[in-house]
Amino acid sequence: MAVAMRGGRGGGSGLRSFFSFRIFISAMFSLLFIATLSVLFTTNPNTPQDDVLPMTGNAYVHRTFLALKSDPLRTRVDLIHQQAKDHITLVNAYAAYARKLKLDISKQLKMFDELARNFSDISVKPNYQTSLFESDGPIDEDVLRQFEKEVKDRVKITRMVIVEKKENYDNQLKIQKLKDTIFAVKESLLKAKKNGALASLISAKSVPKSLHCLAMRLMGEKISSPEKYRDDGPKPEFEDPSLYHYAIFSDNVIAVSVVVRSVVKNAAEPWKHVIHIVTNRMNVAAMKVWFKMRPVEGGAFLEVKALEEFKFLNSSYVPVLRQLESAKMHKLYLGNQAENTTNDAHGMKFRNPTHLSMLDHLHFYLPEMYPKLNKILYLDDDVVVQKDLTGLWKIDLDGKVNGAVETCFGSFHRYAQYLNFSHPLIKESFNPKACAWAFGMNIFNLDAWRYEKSTDQYHYWQNMNEDQSVWKKGTLAPSLITFYSTTKSLDKSWHVLGLGYNPSISMDEINNAAVIHYNGNMKPWLDIALNQYKNLWTKYVDNDMEFVQMCNFGL
């Protein structure tokens, strides 16, 4: 029992010791907690320690909370000052980007530097420094209000400037603006091309006043002195196959006179040359009077006839005449005229009914017009002959019908450019990569023509094209079809083209050419002619002819 009692007393003493230790620990933690709170709540928010606190996150919230307890106006000063600093940083960033991109550098950098300086100048004003930033006392609310107003005014101006200049620094905006500009330029260019093509069409297809004047003067001469201009009748040389024969089909008196004069002046033996001119009924009298007044030099022979004198050329035989009489064709051409005003980039004729005129298609009937001839040289009225051409009659055409200069280079001027190869007959009959050739100076073997029945080929395809499903413009396409496999390539020096649309032809190439061709709209007798080539044509104009002087050709 004694043992038991001692054990009980020892247990009570241990419990007392345990509880005493716990009380001591609790007291110590309580004192430590009180000391911590005392340090936290006795710290002065305006001490220099707060100046290094960050202005964001929990620290900024803690500092603002303490400032509100001490002086809420101080917080407004800090917030306004920070807003000014943020906008200084933004302006400096745009200034740095302007230096990098060199965008109106002197003007824009000066503007951005001035904006940054405006913000900085506010903070250094003496009254603001004294009242808002250096004083530990209470803040004057009137001064703070004035400070806030000045900062907000500058912020507003800065934002307006940045919004205005932002597109210079925003790549996406710049890209979109560039795309819009490119689109607008393309639209303007397309419109300018259409307007230019229309103006060119009007200039090229209208009869110049000088040409009209010349025709009227010649007609007046015919009427006033009819006995002087009676026809002499046919001459045997007109059908002599041993001579050099030319064919020129035109209603332009001055142009034909230049071709004839250039042929004769450059011929070694002009008395062996016979020139056949065919025009329409309206101009045949003027053409005859001209060559009566100004006879061909050197003994060359010249025949002038009207288209209507060839009786076989009627609508029952000639598809073009039949199509011209068709109201459907006339309407189709008129309806498409405006659509195709930009298709003349390479000197092709615009699509309108006048280009279905019989004069344009007359060369397809050369064997029937001159049945006793073996060869004939066809010349357009917009060419100038610079050398003796008798060598053309001596070229062996190897049984081919047509001798011509090829015009293709690379992928340009191939058959695919002139014919509709989606048409099944065209696709199976012709090679789209076949080389095209020039028209306007062609030596024709009329015997081979008759043997190949080339005129029948032309009739077949012209009938097929009544709805314009085979080709769309001019007379080159039907010529390419008609003489597809019967054309022999000539040396390029015989015929140089492009003087009516291409300003980049070398003078060496022109000077070496036997024939130069003003194909295109800029004809040498028009005001829109290319000046660098015009003198090559005007030197063959008969300026001594009184009517040329009276009609003010301005050559």
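Residues numbered from 1 in each chain as written. Predicted model: local features only at pLDDT ≥ 70, side-chain atom pairs only at ≥ 80, totals over all residues. Heavy atoms only, no water.

Here is the rule we go by: UniProt positions are given in the numbering used here, feature names are shortened, and annotations may be inferred rather than shown by experiment.
Per an unreviewed UniProt entry, the recorded name for the protein chain is Hexosyltransferase, and the organism is Lupinus luteus. Within the UniProt record for the protein chain, the comment given under Subcellular location (unreviewed entry) is "Golgi apparatus membrane". Per UniProt, the comment on the protein chain under Pathway (unreviewed entry) is "Glycan metabolism; pectin biosynthesis."

### Some thoughts on the overall build of the protein chain
For the record, the criterion: The helix and strand labels rest on DSSP assignments: H or I over at least four residues marks a helix, E over at least two residues marks a strand, and numbering proceeds from the N terminus. The rule is simple: take the accessible area with a 1.4 Å probe, protein chains only, and divide by the maximum for that residue type; under 20% is buried, over 50% is exposed, in between is partly exposed. Reported accessibility uses the Shrake-Rupley method at a 1.4 Å probe radius. Residues are deemed covered only where the shown protein chains occlude them.
Counting its secondary structure elements, the protein chain contains 21 helices and 10 strands. Looking at the protein chain as a whole, 44% of its 555 residues are labelled buried. Accessible surface for the protein chain amounts to roughly 30400 Å². Of this, 57% is attributable to carbon and sulfur atoms.

### Looking at helix H17 (residues 454-464)
Each α-helix turn comprises 3.6 residues. Residues three or four places apart therefore point the same way. Worth spelling out the cut-off: Contact between two residues is taken to exist if any of their heavy atoms lie within 4.5 Å; hydrogens are not considered.
Looking only at H17, the buried set comprises Ser454, Thr455, Tyr458, His459, Trp461 and Gln462. Elements that come into contact with the buried residues of H17 comprise helix H11 (319-324), helix H13 (358-361), helix H14 (366-369), helix H15 (424-429), helix H16 (446-452) and helix H18 (476-482).

### Quick look at unusual backbone geometry
One non-glycine residue, His413, adopts positive backbone phi at about 55 degrees. The buried category is assigned to His413, whose relative accessible area is 10%. Backbone geometry places Lys453, a non-glycine residue, at a positive phi of 55 degrees. Its place among the elements puts Lys453 in the loop between H16 and H17.

### Remarks on the packing of aromatic side chains
Test applied: For Phe, Tyr and Trp, rings pair up if their centres lie within 6.5 Å, where Trp contributes its six-membered ring, and each pair is then called stacked (planes under 30 degrees apart), edge-to-face (over 60) or tilted (otherwise).
Summed over all chains, the structure comprises 22 aromatic pairs. Plain terms: the ring middles of Phe364 and Tyr458 are 3.8 Å apart, the flat faces sit at 5 degrees to each other, and that makes the pair stacked. One end of the pair, Phe364, is in the loop between H13 and H14; the other, Tyr458, is in helix H17, and 94 residues separate them in sequence. Phe364 sits in the buried class, given a relative accessible area of 0%.

### Topic: the pattern of salt bridges
Keep this limit in mind: Whenever Lys or Arg places a side-chain nitrogen within 4 Å of a carboxyl oxygen from Asp or Glu, that contact is recorded as a salt bridge.
Evaluated as defined, the whole model comprises 10 salt bridges. Across the pair Asp382 and Lys523 runs a salt bridge whose closest N-O atoms are separated by 2.5 Å. Taken together, the residues span a long stretch of sequence, with Asp382 in the loop between strand S4 (375-379) and strand S5 (383-385) and Lys523 in the loop between strand S10 (515-517) and helix H20 (531-538) at a distance of 141 residues. Each of the two residues, Asp382 as well as Lys523, counts as buried.

### Considerations on the sheet that holds strand S2 (residues 273-279)
The criterion, for reference: When DSSP finds two or more bridges between two strands, those strands count as paired. Fitted lines through C-alpha atoms give the axes, limited to the stretch in contact for helices. The angle between two N-to-C directions lies from 0 to 180 degrees.
Strand order in the open sheet formed by seven strands is S3-S2-S1-S4-S7-S6-S8, with mixed pairing between adjacent strands. Every other strand in the sheet has two partners, leaving strand S3 (301-306) and strand S8 (487-489) as the edge strands with one partner each. Adjacent strand axes in the sheet meet at a mean angle of 25 degrees, parallel and antiparallel pairs treated alike. Relative to S8, strand S6 (residues 402-404) runs parallel, the two sharing three bridges. For Ala404, the partnering residue across the bridge sits in S8 and is Ser489. Packed onto the sheet, helix H9 (residues 253-266) meets strand S1 (244-249), S2, S3 and S4 and runs at close to 175 degrees relative to S2. Where helix H10 (residues 284-293) meets the sheet, it contacts S2 and S3, and its direction lies at approximately 165 degrees from that of S3.

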